[in-house]
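Commentary on secondary and tertiary structure
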Amino acid sequence: MKLLIVDDEPYIRQGIRTTIPWENYGIRIVGEASNGKSALKLALQLMPDIIIADISMPGMSGLELAAQIGEYLPEVKIIILTAFGTTDNFIGAFESNVTRFVLKNADAAVILDNVLQVKAEIEKSKQLGASYEQLNNIYNENHHLIKSTLFSRFLHNQLSAKDFLEKAEKVGLFLSGPCYSMLLAKCRPENDWLTTNAFQNSFRLYAPFVFFAEENMILIVLNTEKGGLAQEALQHIFPEIKPYIAGNQLACLNKINSVQEFSISYNCLKTRLSDCFWHSEWEYSVITQQYIFPSRNTDTLLKDEKEIMSAILCENTLQMNQALHNYFIHCKENSIPQSDFFDSIKRLLLLFAATQSVEIDVNLFVSSICDLETPEEMVQALTNLLNSPSSLYALKPQIASALNYINENYSKDLRLEDVAQNIYLSAGYLSRIFKSETGYSFKEWVHRVRIEKARELIAHTDLKYYEIAEKVGYRDYKYFSAYFNKICGCSAKEYRNRNYKPPTQD
């Protein structure tokens, strides 16, 4: 702890310095001054923790010095020495933010005791400051999680609207309105922070609040005017967020008039995502609260499962394929929730595995099928699997042929069906083994091949970005830009700035 002594009488300064063994108490005298002006300069240079100053000095009094120190170095503590404890002196000391007021004729023990008390106050303040800083860092690191948890509790009716709004204001979650739009999307299981940041940036004009409400389900709340999010605006933004969305599972609910309607709006969107899942021809879906959802009948699901299982046990292929066809039609007509559909596929595969003589990793095949983007692809993959159980044990050498075909044709409008036909496989079977062998879906792999080729062109040619996009198979530059950002973690321009090597001249 650093101490500065200020007094116009040298013997007073010497007495304070020599009669007390300051080092024994963890205090070091860093300087002395004979007047207030010199003391102020020294204080600004030496940054002491404590100053002992005489109240009466030529040029600048101790109280004036305390006022100046309070302005420039507010953390420094001031102890004033005076020969007389008058009322005016006490009032002046208080107004100058003086820490202690000690009579000048006090013995060394009294001076030391006052200094040690001030030292203890400083140490306590530093400890509290360190604890506050630590808590503040924890709070800042988890600020978004705190707001997300608060919002999630409100959506699940664990908080009233009044309590939610009061707490939201305290944690800096501002919903200015006057109206709102809410979007819900099922995302690919990837980096949550990158996904959240992508949605946040794309909808930045609407002061969005973005968070994962449930596993792989991201919610975006926008502050809008009464008309809500315009169709043209969403159409413009969609290419930027498409790479992060699983299939077409994005639903937008417009014209939400108050915060009190958030919970019911959220549940409407979850229901609407089931419709998106079963209507792969939709790019995404936009509804209002006036939308009337069709009735859903889940009773046929178990009935259809029993018919498929019966056909498997009887080894009746014709009956099984017809039952699978009916199963798909009934699921689509009733927009069976995606989670229920996945559970149903798992039950069918568990029974199928039980009929086989060789042990099958059911979870692997459930994952392979459910990672496909559309229910049509999933049911086709399931049908192929049930019809060709021997394919489970093949080494799948066709994957190498598929990858070669993609590398040679990535610049074209490449479809899974084209690749499958070229290597003499069904599209459903290729989808399933492609994921298990590469770790990526067919579409994800194609995007990665295209972006890798784009990186080479960006680093080694002078082609414009839209020209490169076209060369690697993207007809819409926005899609190219979004996928490049997602896969490379930076824009094409940033990548060129870091990696460009001018083409050599012949």
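Residues numbered from 1 in each chain as written. Predicted model: local features only at pLDDT ≥ 70, side-chain atom pairs only at ≥ 80, totals over all residues. Heavy atoms only, no water.

**As for the overall build of the protein chain**
A count of helices and strands for the protein chain gives 22 helices and 10 strands. Computed over its C-alpha atoms, the radius of gyration of the protein chain comes to 36 Å, more than 25% above the 23 Å expected for a compact globule of 506 residues. Dimensions of the protein chain, computed from the C-alpha atoms along their principal axes, are close to 110 × 70 × 55 Å. Evaluated residue by residue, the protein chain yields a buried proportion of 47% over its 506 residues. In the protein chain, the proportion of contacts linking residues at least 24 apart, taken out of those at least 6 apart, comes to 68%. Summed over all atoms, the accessible surface of the protein chain reaches about 26,300 Å², with 51% contributed by carbon and sulfur. The distance from the centre of the 50 positive side-chain charges to the centre of the 60 negative ones in the protein chain is 3 Å. (Helix = DSSP H or I, 4+ residues; strand = E, 2+ residues; numbered from the N terminus. Rg over C-alpha atoms; globule rule 2.2 N^0.38 Å. Buried < 20%, exposed > 50% of the residue type's maximum accessible area, 1.4 Å probe, protein only. Contact = heavy atoms within 4.5 Å. Areas by Shrake-Rupley, 256 points an atom, 1.4 Å probe, with all protein chains shown as cover. Lys, Arg positive; Asp, Glu negative; His and termini not counted. Charge placed at Lys NZ, Arg CZ, Asp CG, Glu CD.)

**Observations regarding helix 6 (residues 143–155)**
In this model helix 6 runs 19 Å from its N-terminal to its C-terminal C-alpha over 13 residues, within 8% of the 18 Å that 1.5 Å per residue would give. Taken residue by residue, helix 6 has K147, S148, L150, F151, S152, F154 and L155 as its buried positions. In this structure, the buried residues of helix 6 make contact with helix 7 (161–170), strand 7 (209–214), strand 8 (217–224) and helix 10 (262–278). Remark: N157 follows helix 6 within two positions and exhibits a positive phi of approximately 60°. (Expected span 1.5 Å × (residues − 1).)

**Some points on unusual backbone geometry**
Backbone torsion omega between G177 and P178 reads 10°, so that peptide bond is classified as cis. Structurally, P178 is set in the loop between helix 7 and strand 6 (179–187). Of note, K255 is a non-glycine position whose phi angle comes to about 60°, a positive value. Tracing the backbone shows K255 in strand 9 (residues 245–256).

**Some details on the pairing of strand 3 (residues 50–54)**
The buried fraction of strand 3 amounts to 5 of the 5 residues, a majority that puts the element mostly inside the structure. Residues I50, I52 and D54 point to one face of strand 3 and I51 and A53 to the other, with burial holding for every one of them. Relative to strand 4 (residues 77–82), strand 3 runs parallel, the two being bridged by 5 bridges. Bridge assignment links I52 to a residue of strand 4, and that residue is I79. A crossover links strand 3 with its parallel partner strand 4, the connecting element being helix 3 (residues 62–72), and its sense is right-handed. (Pairing = 2+ DSSP bridges. Right-handed = clockwise from strand over helix to strand, strands pointing away.)

**Focus: the sheet that holds strand 1 (residues 2–6)**
Taken in spatial order, the 5 strands of this open sheet run 2-1-3-4-5, and their pairing is parallel. With one partner strand each, in any of the chains shown, strand 2 (28–33) and strand 5 (100–103) form the two edges of the open sheet. Taking each pair of neighbouring strands and ignoring which way they run, the sheet shows an average axis angle of 20°. Note that strand 4 and strand 5 share 4 bridges and pair parallel. Pairing of I79 across the sheet is with R100, part of strand 5. (Axes fitted to C-alpha atoms, helices over the stretch in contact; angles between N-to-C directions.)

**Topic: the state of the cysteines**
If you walk through the whole model with that rule in mind, you get 0 disulfides. C252 supplies the cysteine sulfur nearest to C276, a cysteine that is in no disulfide, at a spacing of 11 Å. (Disulfide = S-S within 2.5 Å.)

**A word on the packing of aromatic side chains**
The relative placement of two aromatic rings is captured by the distance of their centres and the angle of their planes. On inspection of all chains with the given rule, the structure shows 23 aromatic pairs. Taken together, a centroid distance of 6.1 Å and an interplanar angle of 25° make the contact between Y474 and Y483 stacked. The same class applies to Y474 as to Y483, namely buried. For the ring pair Y477 and F480, a centre distance of 5.8 Å and an interplane angle of 45° mean the geometry is tilted. Residue Y477 and its partner F480 are both found in helix 21 (residues 477–488); the two are separated by 3 residues, about one turn of the helix. Among the residues examined, Y477 registers a relative accessible area of 35% and is labelled partly exposed. Among the aromatic residues, ring-to-ring pairing joins F151, F154, F164, Y180, F209, F211 and F262 into one connected group. For the cation-ring pair, K486 lies above Y244, with the distance from its terminal atom to the ring centre recorded as 5.4 Å. (Phe/Tyr/Trp six-rings, centres within 6.5 Å; stacked < 30°, edge-to-face > 60°. Lys NZ or Arg CZ within 6 Å of the ring centre and 35° of its normal.)

**What about the side chain of D7?**
Mapped onto the elements of the fold, D7 is located in the loop between strand 1 and helix 1 (10–18). At a separation of 2.8 Å, a polar atom in the side chain of D7 contacts the main-chain amide nitrogen of E9. Beyond its immediate chain neighbours, meaning those up to four positions away, D7 contacts I12, R13, A33, S34, D54, M57 and K104. (Polar contact = N/O pair within 3.5 Å; in protein donor to acceptor, adjacent residues only side chain to side chain.)

**Looking at the confidence of the model for the protein chain**
When pLDDT is averaged along the protein chain, the result is 86, and 92% of the positions lie at 70 or above. When the criterion is pLDDT under 50, residues 391–395 qualifies, and its contacts beyond four places in sequence or with other chains add up to 11 contacts. (pLDDT = per-residue confidence, 0-100.)

**Digging into the sheet that holds strand 6**
Spatially, 7-8-6-9-10 is the arrangement adopted by the 5 strands of the open sheet, whose pairing is mixed. If you trace the sheet from one side to the other, it starts and ends with strand 7 and strand 10 (285–288), each paired once. Between one strand axis and the next, the sheet turns by 20° as a mean value, whatever way the strands run. In the sheet, strand 9 pairs with strand 10 via 4 bridges, with the strands oriented parallel. Bridge pairing in strand 10 places C252 opposite V286. Seen against the sheet, helix 6 touches strand 7 and strand 8 and runs at an angle of roughly 60° to strand 7. Sheet contacts for helix 10: strand 6, strand 7, strand 8, strand 9 and strand 10; angle to strand 9, the most-contacted strand, approximately 145°.

**Some details on the environment of S148**
On the secondary structure map, S148 appears in helix 6. Note on S148: relative accessible area 9%, which makes it buried. When the C-alpha positions of S148 and V210 are compared, they lie 8.2 Å apart, and in sequence the two are 62 residues distant. Once residues lying within four places of it in the same chain are set aside, the contact partners of S148 are F209 and F211. In this structure the side chain of S148 is engaged in a polar contact, spanning 2.7 Å, whose partner is the backbone oxygen of H144.

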